[in-house]
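Letter by letter, the chains look like this.
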Amino acid sequence: MKTAKYILALDQGTTSSRAVLFNHDGNILAMSQKPIEQHFPHPGWVEHDPSEIWYTQSSVAAEVIAKADLTGLDVACIGITNQRETTIIWDRETSMPVYRAIVWQDRRTADICRELKENGYADMIQEKTGLLIDAYFSATKIKWILDNVEGVRERAEKGKLCFGTVDSWLVWKFTHGRVHVTDVSNASRTMLFNIHTMQWDKELLELFGIPEAILPKVKSSSEIYSETSTTLFSTKIPISGIAGDQQAALFGQLCLEPGMTKTTYGTGCFMVMNTGKEVVKSENNLLSTIAWKIGDSVTYALEGSVFVGGAAIQWLRDGIQLINNASESESLATSVPDNGGVYFVPALTGMGAPYWDQYARGAILGITRGTTAAHITRATLEGIAFQVYDILKAMEHDTQRQSLELRVDGGAVANNFLMQFQSDICRTNVIRPQILETTALGAAYLAGLATGFWRDTEELRKQWNANKEFSPVATEEEVDKQLHMWHKAVERARNWEELA
Ligand code: ADP
């Protein structure tokens, strides 16, 4: 019998469903992608259609195999990675969703969260789940569906419904409703999972009024959950790896040792540090979370996010139309020797960790008559890097560890100026890997380890190759001066918006 030579990674993201085929060397053979529609029924609400999530994801899965001129028989196993926290509830009998998927960005439950904080639940919730109370996480979204969609609470209590994050939903659909599972990394983003006991937490379920019967079984991140039952692949393929997108990227970057950190520079920037066996409780508004579980061994992580990263470049392009395309930002920024004293705090939607200030707004400071579009563009890129610096320092503070290097990925790492500047201000090496599809790669690795496609992580480590490494060249004096000005600018941007 022919041995299957490839792994299929399914990357169900916020804006698209993607499928990537990897070979044994961890190289990409083929890729396929379909966008998904964003629904905004009210200001602050964001929804996806679960059926669309399923049909785009299943069709790109079939398409990528055909594109590579292969069949399902060539696929050893499937790994799934997904947008996290997004909440779906469906009928156990019919598999019909009872409501659209409520997307992580959706703010409709902000008031429930405010009330929880006012009632003093923040410490207990952070202690158990590692999370700060926020509408992002699934718990209040589940509660909202149970409280607002007719008949749903009653059906949930009778055990007729299933809740799942996107990974659970996809496994359910791929197995024709036989298997209702999630992995620990996704469970740890629901705000219902105790990351110490590794179980759904009864006290939290009671607090949110969520019947345990609707929850999926929590599994490790690398094991055979089931084989597919769909006719999509002409054969049954094991599904053997699941992780939330940021955790999958950490694994794909092979940040397998405590202290290793990856940062993704996309629309926002997401930094995740492996903290090993230890749950690090942050004093700086970072989240403690589960990175993955392999066998019986659980690895934890610390996470911080910048809301506006590459989005600041989008704003230069589409908002004030200073540039024609994102890559032009690099040539424009390097057309001037320095920022000319201009600092841009890209707090366009408030500031994330470590400031956590929803009232902060974007500010461009230090403008003179000599300021040009090039200075503002340079200040924008620098502003992205300064925000990442602030998170890194918070992580180093919380973990009492110094980062030796930063592994990076995401669309904006194509910008060499940004990467060099990041290295300069963090005084650490910034390493861009050859394979930038780290999220999909992480899911493939987790799946392949479970089926013996790869022997162990040692074998994987050999596959990781840098595309380019940036080392600090700026003097300490220069950097200190810039950091001083940046933090001064941040103070001006904070608490800007006033409560109505
Ligand atoms: P997401 O997954 O969040 O959609 P991507 O990883 O695809 O994001 O990255 C896209 C982001 O990267 C956009 O916000 C874009 O402005 C930014 N970007 C892309 N190329 C560059 C570049 N050369 N310089 C700076 N930013 C860039």
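To start, this report covers the structure provided alongside it. As the structure is a computational prediction, the values presented were derived from the model and not from experiment.

**Describing the packing of helix H12 (residues 373-399) against helix H13 (residues 416-426)**
Relative orientation of the contacting elements H12 and H13 amounts to 40 degrees, with a least axis distance of 9 Å. Relative to H13, the element H12 is oriented oblique. Crossing angle aside, the handedness with which H12 passes H13 is right-handed. Contact residues: H12 offers Arg378, Leu381, Glu382, Ile384, Ala385, Phe386, Val388, Tyr389 and Leu392, while H13 offers Phe417, Leu418, Phe421, Gln422, Ile425 and Cys426.

**Side note on the site of the ligand**
In the vicinity of the ligand, 13 residues are found, and the nearest of them are Thr267, Gly310, Gln314, Gly411 and Asn415. In the model, an oxygen atom of the ligand is placed 2.6 Å from a nitrogen or oxygen of the Thr267 side chain. In the model, an oxygen atom of the ligand is placed 3.5 Å from a nitrogen or oxygen of the Ala311 main chain. When isolated, the ligand has an accessible area of 580 Å², and the protein chains bury 68% of it. Top element by residues in the shell around the ligand is helix H10 (residues 310-319). It accounts for four residues. Tallied by class, the residues present in the shell around the ligand amount to four nonpolar, nine polar and no charged.

**Description of the side chain of Ser305**
As for its position among the elements, Ser305 is in strand S18 (residues 297-306). Judged by relative accessible area, Ser305 falls into the buried class, the value being 14%. Excluding its chain neighbours within four sequence positions, the residues that come into contact with Ser305 are Cys269, Phe270, Gly352, Ala353 and Ile391.

**Some remarks on the packing of aromatic side chains**
For the structure on display, the rule yields 18 aromatic pairs. Taking 4.7 Å as the distance between ring centres and 80 degrees as the angle between the ring planes, the aromatic pair formed by Trp54 and Phe174 counts as edge-to-face. One end of the pair, Trp54, is in helix H1 (residues 50-67); the other, Phe174, is in helix H6 (residues 166-174), and 120 residues separate them in sequence. When its relative accessible area of 0% is taken as the criterion, Phe174 is described as buried. Seen from their ring centres, Phe251 and Trp292 are 4.8 Å apart, and the 85 degrees between their planes marks the pair as edge-to-face. With Phe251 in helix H9 (residues 245-252) and Trp292 in strand S17 (residues 287-294), this residue pair connects regions lying 41 residues apart in the sequence. No difference in accessibility class separates Phe251 from Trp292, as the two residues are buried. An aromatic cluster of three or more residues is present, and its members are Tyr343, Phe386, Phe417, Phe421 and Trp486. In this structure, Arg108 packs its charged tip against the face of Trp45, placed 3.7 Å from the ring centre. Between the NZ or CZ atom of Arg108 and the centre of the ring of Trp144, over which it lies, the distance is 4.5 Å.

Quick notes on the rules
Residues numbered from 1 in each chain as written. Predicted model: local features only at pLDDT ≥ 70, side-chain atom pairs only at ≥ 80, totals over all residues. Heavy atoms only, no water. Axes fitted to C-alpha atoms, helices over the stretch in contact; angles between N-to-C directions. Helix = DSSP H or I, 4+ residues; strand = E, 2+ residues; numbered from the N terminus. Parallel < 35°, antiparallel > 145°, perpendicular 65-115°, else oblique. Left-handed = near helix turned anticlockwise from the far one by under 90°. Contact = heavy atoms within 4.5 Å. Near = heavy atom within 4 Å. Polar contact = N/O pair within 3.5 Å; in protein donor to acceptor, adjacent residues only side chain to side chain. Areas by Shrake-Rupley, 256 points an atom, 1.4 Å probe, with all protein chains shown as cover. Nonpolar A, V, L, I, M, F, W, Y, C, P; charged D, E, K, R; others polar. Buried < 20%, exposed > 50% of the residue type's maximum accessible area, 1.4 Å probe, protein only. Phe/Tyr/Trp six-rings, centres within 6.5 Å; stacked < 30°, edge-to-face > 60°. Lys NZ or Arg CZ within 6 Å of the ring centre and 35° of its normal.

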